[in-house]
Amino acid sequence: MMHTISEEQTKTVDQHDLERRVKDMYTKVALHPEVEYHFEMGRILAERLGYPKTLLNNIPSQAIASFAGVGYYFDLAKLQKGEAVLDLGSGSGMDVFFAANQVGTAGEVIGIDMTNAQLNKSKALAEANNFNQVLYRAGYIEALPIVSNSIDAVISNGVINLSSQKAQVFKEAARVLKPGGRLVISDIVTEKPLPETIACNATLWAACIGGAMQIDAYKQCIEAAGLKIIETKENPYAFISEGAKGATKQFGIKSLSILAVKH
């Protein structure tokens, strides 16, 4: 498997430190969406990425406030009534609630997240707003607590770049998908390899920058898992801090949405 980060560099990223920093950052995102981060958040971001205003009105506003996605992929997903959907790194739950409105009460949407504050917030919102087809579970996207061949669509928004085991994430996504099921994601990728000073910095990983993989390598990881890429599109996404803007310009950091189907 190709990486923007060499295997040696990956080993220098302290996994426990990375997990701690990611949990810390997204705990803050859940509890304090009004604070400024490297990335934009909330409804203005969602609408610019392409989420229809009328459909956002059917989602709890607190979930939208903590939305920190990097793209819009539901136009590629084409979710149908009654389908089973799994969101990797579901966060505040905005995409889960969006998907729930599309699959209806006969469908099921499961959100997986490792951050307690995000899970607590999204679970409370689901209960308060009668999203009975929604289930949130604590877990890691590298080891999904989901039965094989049981999911119609796996979705994820700006999360896989946070994992240092991307190949394993895609293998797990392929495992839980039904034959013909689809992976539909938005994520941060790069045009150029990141230097070790960025790629081995756990803080920059947690900010969705340091863990970004080169585009070709990212696509190869998806296809190596047994998924065929059908369509890609670039998203109108940009980081907002000066440091992140500099890295974006220098290394061609961008957001892509990808549709892939299980063989």
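All of these numbers come straight from a predicted model, not from anything done at the bench.

K.L.:
I would appreciate a short explanation of the pairing of strand S4 (residues 151-157) in the present structure.
P.N.:
Walk down a regular strand and you will see the side chains alternate between the two sheet faces. Where burial is concerned, most of S4 is hidden: seven out of the seven residues are buried. Read from S4 through helix H9 (residues 166-176) to strand S5 (residues 177-190), the crossover connection turns out right-handed.

K.L.:
What am I meant to see in the packing of helix H2 (residues 15-31) against helix H8 (residues 116-128) here?
P.N.:
When two helices pack together, their arrangement is captured by the angle between the axes and the distance separating the axes. Contact geometry of H2 with H8 gives a least axis separation of 7 Å together with a crossing angle of 30°. Taken together, the axes of H2 and H8 are roughly parallel relative to one another. Note on element contacts: H8 touches H2 through Ala-117, Gln-118 and Lys-121, opposite Tyr-26, Thr-27, Val-29, Ala-30 and Leu-31. Taken together, the residues that form the contact of H2 with H8 break down as five nonpolar, two polar and one charged.

K.L.:
Any chance you could explain the pattern of salt bridges here in plain terms?
P.N.:
Pairs may arise between side chains of opposite charge once their charged atoms sit close together. Counted according to the given criterion, the structure contains nine salt bridges. For Arg-43, the salt bridge identified is with Glu-47, shortest N-O distance 2.7 Å. With Arg-43 and Glu-47 both in helix H3 (residues 42-49) and four residues apart, the pair spans about one turn of that helix. The exposure class assigned to Arg-43 is partly exposed, which follows from its relative accessible area of 30%.

K.L.:
Please explain unusual backbone geometry as it appears in this structure.
P.N.:
Of all residues except glycine, most have a negative phi; of all peptide bonds, most are trans. Despite not being glycine, Lys-78 shows a phi value in the positive range, around 50°. When you line up the elements, Lys-78 lands in the loop between helix H6 (74-77) and strand S1 (84-88). The class of Lys-78 is exposed, set by a relative accessible area of 55%. Positive phi values are uncommon outside glycine, yet Asn-130 reaches one of about 60°. Note that Asn-130 resides in the loop between H8 and strand S3 (134-138). Of the residues examined, Asn-130 reaches a relative accessible area of 59% and is grouped as exposed.

Basis of the calculations
- Residues numbered from 1 in each chain as written.
- Predicted model: local features only at pLDDT ≥ 70, side-chain atom pairs only at ≥ 80, totals over all residues.
- Heavy atoms only, no water.
- Buried < 20%, exposed > 50% of the residue type's maximum accessible area, 1.4 Å probe, protein only.
- Helix = DSSP H or I, 4+ residues; strand = E, 2+ residues; numbered from the N terminus.
- Right-handed = clockwise from strand over helix to strand, strands pointing away.
- Axes fitted to C-alpha atoms, helices over the stretch in contact; angles between N-to-C directions.
- Parallel < 35°, antiparallel > 145°, perpendicular 65-115°, else oblique.
- Contact = heavy atoms within 4.5 Å.
- Nonpolar A, V, L, I, M, F, W, Y, C, P; charged D, E, K, R; others polar.
- Salt bridge = Lys/Arg side-chain N within 4 Å of Asp/Glu carboxyl O.

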